[in-house]
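Analysis of the macromolecular model
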Amino acid sequence: MIQVEHINKTFKVARRNAGMKEAVKALFHKEYEYVHALEDISFAIKEGEMVGYIGPNGAGKSSTIKVLSGVLTPDSGTCLINGRIPWKDRISHVGDIGVVFGQRSQLWWDVPVIDSFELLRDIYKIPQRAYKDKLEELVQLLDLKEVIRTPARQLSLGQRMRCEIAASLLHNPKILFLDEPTIGLDAVSKIAVRNFILDINKRHKTTVILTTHDMQDIEALTKRIILIGKGRILLDGKLEDLRHTFRGAKKAVVEYSGNELTLCEGLSMLADDYSLDEEKGARKGRAIIGIDTDILSVSEVISYLSLQVDITDISVTGTSVDELVVQLYKQYEI
Ligand SMILES: Nc1ncnc2c1ncn2[C@@H]1O[C@H](COP(=O)(O)OP(=O)(O)OP(=O)(O)O)[C@@H](O)[C@H]1O
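Our subject in this report is the structure included herewith. Note that the coordinates shown come from a computational prediction; the quantities given were computed from them, not determined experimentally. Residue positions are given per chain, counting from 1 as you read along its sequence in written order. This being a predicted model, a pLDDT of at least 70 is required before a residue's local features are given, and a value of 80 or more before pairs of side-chain atoms are given or counted; all residues contribute to the totals for chains, interfaces and linings.

To continue, consider the pairing of strand S3 (residues 50–54). Buried means a residue has 20 or more other C-beta atoms within 10 Å of its own C-beta, exposed means 12 or fewer, and partly exposed covers the counts in between; C-beta atoms are placed from the backbone. Strands here mean DSSP runs of E at least two residues long; helices mean DSSP runs of H or I at least four residues long; both are numbered from the N terminus. Along S3, five of the five residues are buried, which leaves the element largely enclosed by surrounding structure. What you see with S3 is no split at all: Met50, Gly52 and Ile54 on one side and Val51 and Tyr53 on the other are buried throughout. Summarising the sheet, S3 and strand S7 (residues 207–211) pair through four bridges and their orientation is parallel. Residue pairing across strands places Met50 opposite Val208, the latter belonging to S7. DSSP bridges decide pairing: two strands pair if at least two such bridges lie between them. Relative to strand S8 (residues 224–229), S3 is paired through four bridges, and the arrangement is parallel. What sits directly across from Gly52, in S8, is Ile225.

Printed below as a string of structure tokens:
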């Protein structure tokens, strides 16, 4: 459905130093720098897939989404979406895609949201019957009844984001590009947005490409991730496999009293915060210990530690998706 092959995009950016003198100098002699936003980007996405497109700031995520949605023409490479080249067949292509940029609005600011929806109906030439049915579905699923008669500028961020998502789906697109859809939302609104995305993917087999810095979005929505750094794709694989790779790392938070903790092979001290009871000559503390589960099992760790100290509380957690991504960024030096 989406086939991207060897896409490259370089931006030519004018640069000058600060100050009046430099500004005048730049009038006569401009200096340029070249930013390689996308370098040899290739991937394929099947119908109905939900893919997380992740990477640090400036990695090239938005540039990729812009190429896929047809607003940015690459310097070289090919991209076919449902048999169309996005930047060449823009008008027919936009009928197939919905785009939500979390940081930008597609709603007209001063008019009630429903007026923006009607305008989009005209732009996309949605038949009246289909529009009515879709609107009804979206209003119900996204709980918009109370807000669509309000101007966009008077909505809370969460309400506006739900309206943005509805606006992007009115014409029933096959593909949805979501660029930071939960940015700035509170926990309840984030969950509502995520549940809705899961729901439309299930109902309509909508293909979703999601760029986000929120790893809970990735965990809740996608099975596959594509990691981009400095304009290049560094990894494309299943989240599950990645978890497997990093499975060997767990963390124990141990509240203890007694002696100083000594660690054996397979354990590493990440933090040890304690106070000293000078009378008893004993410590009371909270240690965070890294466990390499390829060397020691969790039960062995508990037995080993309880031989040394009194454990008053212990919790053991695996690597979170956030930690996993930090490790990936470290591994790929991005
Ligand atoms: N129109 C442009 N003109 C010049 N440089 C640009 C332009 N758009 C993007 N870039 C540069 O291309 C690189 C990739 O930018 P892009 O916005 O795609 O990154 P991103 O991964 O979406 O980052 P973020 O997570 O911060 O949104 C950056 O170095 C950026 O400065």
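The residue Asn82 is not glycine, and still its phi comes out positive at about 50°. Residue class for Asn82 comes out partly exposed when judged on the 18 C-beta atoms lying within 10 Å of it.

This part is about the packing of helix H6 (residues 157–169) against helix H7 (residues 187–204). Two numbers describe how H6 lies on H7: the axes approach to 10 Å, and their chain directions differ by 15°. One way to sum up the angle between H6 and H7 is to call them roughly parallel. Of the two elements, H6 crosses H7, and the hand of that crossing is right-handed. Contacts between H6 and H7 involve Gly158, Met161, Ile165 and Leu169 on the former and, on the latter, Ser189, Val193, Phe196 and Ile200. Helix axes are fitted to C-alpha atoms over the stretch in contact, other axes to C-alpha atoms as well, and angles between N-to-C directions run from 0 to 180 degrees. Oblique is the label for any angle not covered by the other classes, which are roughly parallel (under 35 degrees), roughly antiparallel (over 145) and roughly perpendicular (65 to 115). If you view the pair so one helix is near and one far, a crossing is left-handed when the near helix is turned anticlockwise from the far one by less than a right angle, and right-handed when it is turned clockwise. The contact criterion used here is simple: two residues whose C-beta atoms, placed from the backbone, lie within 7 Å are in contact.

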